[in-house]
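One-letter residues, chain by chain:
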Amino acid sequence: MSEANCIFCKIVAGEIPAKSVHRENGIMAIEDINPQAPVHLLVFPERHVANIAEHTFKGSADEITSLMETAAALGAKNSGGFRLVVNTGADGGQTVDHLHLHLLGGRHMNWPPG
């Protein structure tokens, strides 16, 4: 299922180009076009789901497991340490209504993040 105006759905469909670094088992990862760290990947399900809160009701645990396993493997491959961020809703900083993880790495991550 996809949403007609969703940028990630259009990337999945090949309608918008992106630098893909992973695509397997319904999970895709691309390089962020506005990186906030030396390593900044976006990891997301190919299937459209708006956010993690919606996924809890309409998704499967297997899909979330695959999403996290993919992000962890890419993080380990591309950075000595990394941070995963899931923005949810406008107040949470989500600007694209398609569930995605930001994988940030390649430098020391400060705390607190927000």
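Right, let's walk through the structure included here. Once a new chain begins, its residue numbering starts again from 1 and follows that chain's sequence as written. Local features are withheld for residues below a pLDDT of 70 in this predicted model, meaning they are given only at 70 or higher, and side-chain atom pairs are given and counted only at 80 or more; totals for whole chains, interfaces and linings count all residues. Only hydrogens and water are set aside; all other atoms, that is, all heavy atoms of the structure, feed into the side-chain values.

Working definition: the strands of a sheet are paired by backbone hydrogen bonds and lie parallel or antiparallel to each other. Ordered in space as β1-β2-β3-β5-β4, the five strands form an open sheet in which the pairing is antiparallel. With one partner strand each, in any of the chains shown, β1 (20-24) and β4 (82-85) form the two edges of the open sheet. On average, adjacent strands in this sheet sit at an angle of 15° to one another, irrespective of strand direction. Alignment of strand β2 (residues 27-31) against strand β3 (residues 39-45), held across five bridges, turns out to be antiparallel. Between any two strands, pairing holds if DSSP finds at least two bridges. Here a helix means four or more residues in a row that DSSP labels H or I, a strand means two or more in a row labelled E, and each is numbered from the N terminus. Axis definition: a line fit to C-alpha positions, over the contact stretch in the case of helices; interaxial angles, taken between N-to-C directions, run 0 to 180 degrees.

So, about the layout of surface pockets. In this model, the largest pocket occupies a volume close to 610 Å³. Forming the walls of the largest pocket are 27 residues, and the residues nearest its centre are Asp32, Asn34, Leu42, His100 and His102. Put simply, the parts of the chain that give the lining of the largest pocket at least two residues each are α1 (7-12), β2, β4 and β5 (101-105). Looking at side-chain class alone, the lining of the largest pocket contains 14 nonpolar, nine polar and four charged residues. Lining residues are those with an atom within 4 Å of a point, where the points come from a 1 Å grid over the protein atoms alone and group into cavities, where a 1.4 Å probe fits but cannot get out, or pockets, open sets with protein on both sides within 12 Å along at least five of seven lines. Grid points are joined across faces, edges and corners, and a volume is the space filled by probe spheres set on the points. Any residue outside Ala, Val, Leu, Ile, Met, Phe, Trp, Tyr, Cys, Pro, Asp, Glu, Lys and Arg is labelled polar, Gly included; the first ten of those are nonpolar and the last four are charged.

The subject of this paragraph is the pattern of salt bridges. Oppositely charged side chains can form a pair if their charged atoms are brought close together. In the sections that follow, a salt bridge refers to a side-chain nitrogen of Lys or Arg positioned within 4 Å of a carboxyl oxygen of Asp or Glu. Per the counting criterion, the structure on display carries three salt bridges. Note that Arg47 is salt-bridged to Glu63, the shortest N-O span being 2.7 Å. Of this pair, Arg47 sits in the loop between β3 and α2 (52-58) while Glu63 sits in helix α3 (residues 61-78), and the two are 16 residues apart along the sequence. Exposure is judged per residue with a 1.4 Å probe applied to protein chains only, and the accessible area is read against the type maximum: over 50% gives exposed, under 20% gives buried, and values in between give partly exposed. Here Arg47 falls in the partly exposed class, since its relative accessible area comes to 28%.

The subject of this paragraph is the side chain of Ser66. Mapped onto the elements, Ser66 comes out in helix α3. A relative accessible area of 18% places Ser66 in the buried class. Only heavy atoms matter for contacts: two residues are in contact if any of them lie within 4.5 Å across the pair. Among all residues touching Ser66, those that are not within four sequence positions of it are Asn25 and Ile27.

With that settled, the discussion passes to the environment of Asn5. Looking at where Asn5 falls in the secondary structure, it is placed in the segment before α1. Spatially, the C-alpha atoms of Asn5 and Ile27 are 19 Å apart, while their sequence positions differ by 22 residues.

The element β5 is largely enclosed, with a buried count of five among its five residues. Of the two faces of β5, the one carrying Leu101, Leu103 and Gly105 and the one carrying His102 and Leu104 are both buried. Pairing of β3 with β5, which is carried by five bridges, proceeds in the antiparallel orientation. For Val43, the partnering residue across the bridge sits in β5 and is Leu101. Bridge count for β4 against β5 is four bridges, and the pairing is antiparallel. Residue pairing across strands places Phe82 opposite Gly105, the latter belonging to β5.

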